[in-house]
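Here are the chains, one letter per residue:
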Amino acid sequence: MPVEILMPALSPTMEKGNLAKWLKKEGDKVAPGDVIAEIETDKATMEVEAIDEGTLAKILVPEGTADVPVNQLIAVLATEGEDVKAVAAAGGGAAPAKAEAPTEAPKAEAAPAEAPKTGAPKTETPEAPKAEAHAAAPAPAAASGERVFASPLARRLAKDKGVDLSGVKGSGPHGRIVAADVETAPARGAAKAAPAAAPASAPAPASAPAAAPVSNSALLEQVKAYYEPGTYEEVPLDGMRRVIAQRMAEARQTVPTFYLTVDCDVDALLRLREELNKAAPEKDGKAAYKLSVNDFVIKAYALAFQQVPDANQVWGGDRYLKLKHSDIGVAVAIDGGKGLLTPIIRKAETKTLSAISNETRELANRARNKKLAPGEYQGGSSAISNLGMFGIKDFTAIINPPHATILAVGASEQRAVVKKGELAVATVMTVTISCDHRVMDGAMGAQLIGAFKQIIEKPMSMLV
């Protein structure tokens, strides 16, 4: 039976991707685990591995195609013993007949619509009974003894959750199991109680129709009308910038945010940083590490979450997820203003400053080249956005859900301060934490940023 290769969902939020390159050509033999294509998502370039064995009979989406929807058919694989030419000729029609929806609804079940009083002729509107439509869906593979068709992401999620894919009904094209099916499926051994019938209730009164949103094309024409033709250049959004625009707008609209700001005296930190960098051993003619202020910020922020563990939570809709480790994301700007990626330093509270420094540098380089795997930028406790290197004194950052916090770090600069009742000069760094009020209140946010200030001003505590 031919195997359909669909555009994979390489992350839970992926809706479209660019088919950058085919690494196999038509007629090539393919084995499970072989890399067959490269897919560009909004945040990374990922390799796609085959999950079945056979011959690549037909490529339906050529390399270089942009904005291919998830689960769209992109190629067909002929399995052992099948006529490759026949499968290639069938193309998208190579799917088994049982996986297709019925093409014609039964007519006998439908009642003719009442003719309008204006004298227009009666018309019949056949409608397939819901039970028939349900019966046409493909049965689980366990019942038929056939191969389980599932996306790579669905397989990974099933493995993590302990879900038996043979018992999962797929909602994707031709019954393919997708990530959403696995998310709602019970784990192995879970009780399989039948859902209770919903109580009958009177229909809710119809609400007034909402105003239709302005389409992007209509908005574009409105904006262009303000400017004289020839005085501007249209720059279409790429995938990353489109996702950033959508998620940041959602965050502003849905996350009730408050902000807390403190000034940190970093003179002791700068002295310790200089001493540690001078003492760095050489490796292959280069220093083994070169600590930055941001490395200290990451470590201090991670330790602060351990001191205030109730703040180490993320928003889960109807509950919190309280995290054990401090997984700190670091915002990295992509060259050319194309967007931001936030690679994550996992278990940052357990790592040395030199380890954090080297890992941050390595992740940042791969982020700029869009070579991060989803697991390297998804999840985490919180994130840090540092604009100090651009001379920004202070700012507020937008929370990236499901995070409940984000730390905005400004420049370290000399300022006049009062110490022990006398005017003095100190190097001060202003930091502002944005907090999700659904997860924490002002007092907890104050404890968290207070712990950070105490650690950053006494940096020797990060070495023990």
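Quick caveat, the model's predicted, so the values are computed rather than measured.

Conventions and cut-offs
- Residues numbered from 1 in each chain as written.
- Predicted model: local features only at pLDDT ≥ 70, side-chain atom pairs only at ≥ 80, totals over all residues.
- Heavy atoms only, no water.
- Axes fitted to C-alpha atoms, helices over the stretch in contact; angles between N-to-C directions.
- Helix = DSSP H or I, 4+ residues; strand = E, 2+ residues; numbered from the N terminus.
- Parallel < 35°, antiparallel > 145°, perpendicular 65-115°, else oblique.
- Left-handed = near helix turned anticlockwise from the far one by under 90°.
- Contact = heavy atoms within 4.5 Å.
- Nonpolar A, V, L, I, M, F, W, Y, C, P; charged D, E, K, R; others polar.
- Core = buried A, V, L, I, M, F, W, Y, C linked by side-chain atoms within 4.5 Å.
- Buried < 20%, exposed > 50% of the residue type's maximum accessible area, 1.4 Å probe, protein only.
- Expected span 1.5 Å × (residues − 1).
- Arc of directions from axis to C-beta.
- 1 Å grid on protein atoms, 1.4 Å probe; cavity = no way out; pocket = protein on both sides within 12 Å on 5 of 7 lines; lining within 4 Å.
- Points joined across faces, edges and corners; volume = space filled by probe spheres on them.
- Phe/Tyr/Trp six-rings, centres within 6.5 Å; stacked < 30°, edge-to-face > 60°.
- Pairing = 2+ DSSP bridges.
- Salt bridge = Lys/Arg side-chain N within 4 Å of Asp/Glu carboxyl O.
- Lys, Arg positive; Asp, Glu negative; His and termini not counted.

Right, let's get into the packing of helix 9 (residues 293–307) against helix 10 (residues 353–368). Where helix 9 meets helix 10, the axes come as close as 9 Å, and the angle between the chain directions of the two elements is 115°. Compared by their axis directions, helix 9 and helix 10 come out roughly perpendicular. Relative to helix 10, the crossing made by helix 9 is right-handed. Residues Asp 295, Phe 296, Ile 298 and Lys 299 of helix 9 lie in contact with helix 10, whose contacting residues are Leu 353, Ile 356, Ser 357 and Thr 360. For the contact of helix 9 with helix 10, the residue count by class is four nonpolar, two polar and two charged.

A few words now on the environment of Ala 9. When you line up the elements, Ala 9 lands in the loop between strand 1 (3–6) and strand 2 (16–22). The spatial distance from the C-alpha of Ala 9 to the C-alpha of Val 178 is 8.3 Å, given a sequence separation of 169 residues. Setting aside chain neighbours within four positions, we find Ala 9 in contact with Met 14, Val 70 and Leu 153.

Before going further, it helps to spend a moment on the nonpolar core. Formed by 76 residues in total, the largest nonpolar core has its most connected members in Ile 74, Phe 296, Val 297, Leu 407, Val 431, Phe 452 and Ile 456. The dominant element in this core, judged by the number of residues it contributes, is helix 9, at 10 residues. Excluding residues that lie within four positions of it along the chain, Phe 296 makes contacts with Leu 269, Leu 272, Arg 273, Leu 276, Leu 291, Leu 353, Ile 456 and Met 462. Membership of the second largest hydrophobic core comes to 14 residues, among which are Ala 150, Leu 153, Val 163 and Leu 165.

What follows covers helix 11 (residues 442–457). Across its 16 residues, helix 11 extends 22 Å between first and last C-alpha, which sits within 8% of the 22 Å expected from 1.5 Å per residue. Turning to helix 11, its buried residues are Met 444, Gly 445, Leu 448, Ile 449, Ala 451, Phe 452, Ile 455 and Ile 456. What you see down the axis of helix 11 is that its buried residues fit within an arc of 145°, all on one side. Residues of helix 11 that are buried make contact with strand 9 (257–265), helix 8 (267–278), helix 9, strand 19 (405–419) and strand 20 (422–436).

Before going further, it helps to spend a moment on empty space enclosed by the protein. Summed over all chains, the structure comprises two cavities of 30 Å³ or more. Residue lining of the second largest cavity: 20 residues in total, with Glu 4, Ile 5, Glu 49, Ile 51 and Arg 176 positioned closest to the centre. For the lining of the second largest cavity, the secondary-structure elements that each account for two or more residues are strand 1, strand 5 (45–49) and helix 4 (152–161). With four residues, strand 1 is the largest single contributor of residues to the lining of the second largest cavity. For the lining of the second largest cavity, the class distribution of residues is 14 nonpolar, no polar and six charged.

Take the packing of aromatic side chains next. Counting across every chain of the model gives three aromatic pairs. Connected via pairs of aromatic rings, a cluster forms that spans Tyr 301, Phe 305 and Phe 452.

So, on to the sheet that holds strand 5. As summarised here, the arrangement of the four strands in space is 5-4-2-7, forming an open sheet in which the pairing is antiparallel. On the outer flanks of this sheet lie strand 5 and strand 7 (65–69), each paired with one strand and no other. In this sheet, neighbouring strand axes are inclined to one another by 40° on average, regardless of whether the strands run parallel or antiparallel. The sheet contact formed by strand 2 and strand 7 spans three bridges and is antiparallel. Each bridged residue has a counterpart across the sheet, and for Lys 16 the counterpart in strand 7 is Pro 69.

All right, on to the pattern of salt bridges then. The tally for this structure, following the rule as stated, stands at 15 salt bridges. For Asp 28, the salt bridge is made with Lys 25, and the minimal N-O distance between the two is 3.4 Å. For Asp 318, the salt bridge goes to Arg 319, with nearest N and O atoms at 3.0 Å. In this structure Asp 318 comes out as exposed when scored by relative accessible area, which is 61%. Residue Arg 319 is classed as exposed on the basis of its relative accessible area of 52%. When salt bridges with common partners are traced through the structure, they connect Glu 221, Lys 224 and Glu 234 into a single cluster.

The subject of this paragraph is the side chain of Asp 295. By the secondary structure assignment, Asp 295 is in helix 9. No salt bridge is formed by the buried Asp 295; its nearest oppositely charged neighbour, Arg 361, is found at 5.3 Å. Look past the residues within four positions of Asp 295 in its chain and what remains in contact with it is Lys 290, Leu 353, Ile 356, Ser 357 and Thr 360.

Taken in spatial order, the four strands of this open sheet run 1-8-6-3, and their pairing is antiparallel. Edge strands, defined here as strands with exactly one partner in the open sheet, are strand 1 and strand 3 (29–30).

With that settled, consider unusual backbone geometry. The linkage connecting Pro 401 with the following residue, Pro 402, adopts the cis geometry, with an omega of 10°. In this model, Lys 347 sits at a positive phi of 50°, which is unusual for a non-glycine residue. Summarising the element assignment, Lys 347 is placed in the loop between strand 17 (344–345) and helix 10. We classify Lys 347 as partly exposed; its relative accessible area is 42%. Positive phi is not limited to glycine here, since Lys 370 has a value of about 55°. Mapped onto the fold, Lys 370 is located in the loop between helix 10 and strand 18 (382–386). The class of Lys 370 is partly exposed, set by a relative accessible area of 24%.

Looking now at helix 10. Taking 1.5 Å as the rise per residue, helix 10 with 16 residues should run 22 Å; its terminal C-alpha atoms sit 22 Å apart, in good agreement. Residues of helix 10 that are buried include every one of Leu 353, Ile 356, Ser 357, Thr 360, Leu 363, Ala 364 and Ala 367, and no others. Each buried residue of helix 10 lies within a common arc of 145° when the element is viewed along its axis, so the set occupies one face. Where helix 10 is buried, its residues touch helix 8, helix 9, strand 14 (328–330), strand 15 (332–334), strand 16 (339–341) and strand 17. Within two residues after helix 10, Lys 370 carries a phi angle of roughly 55°, on the positive side.

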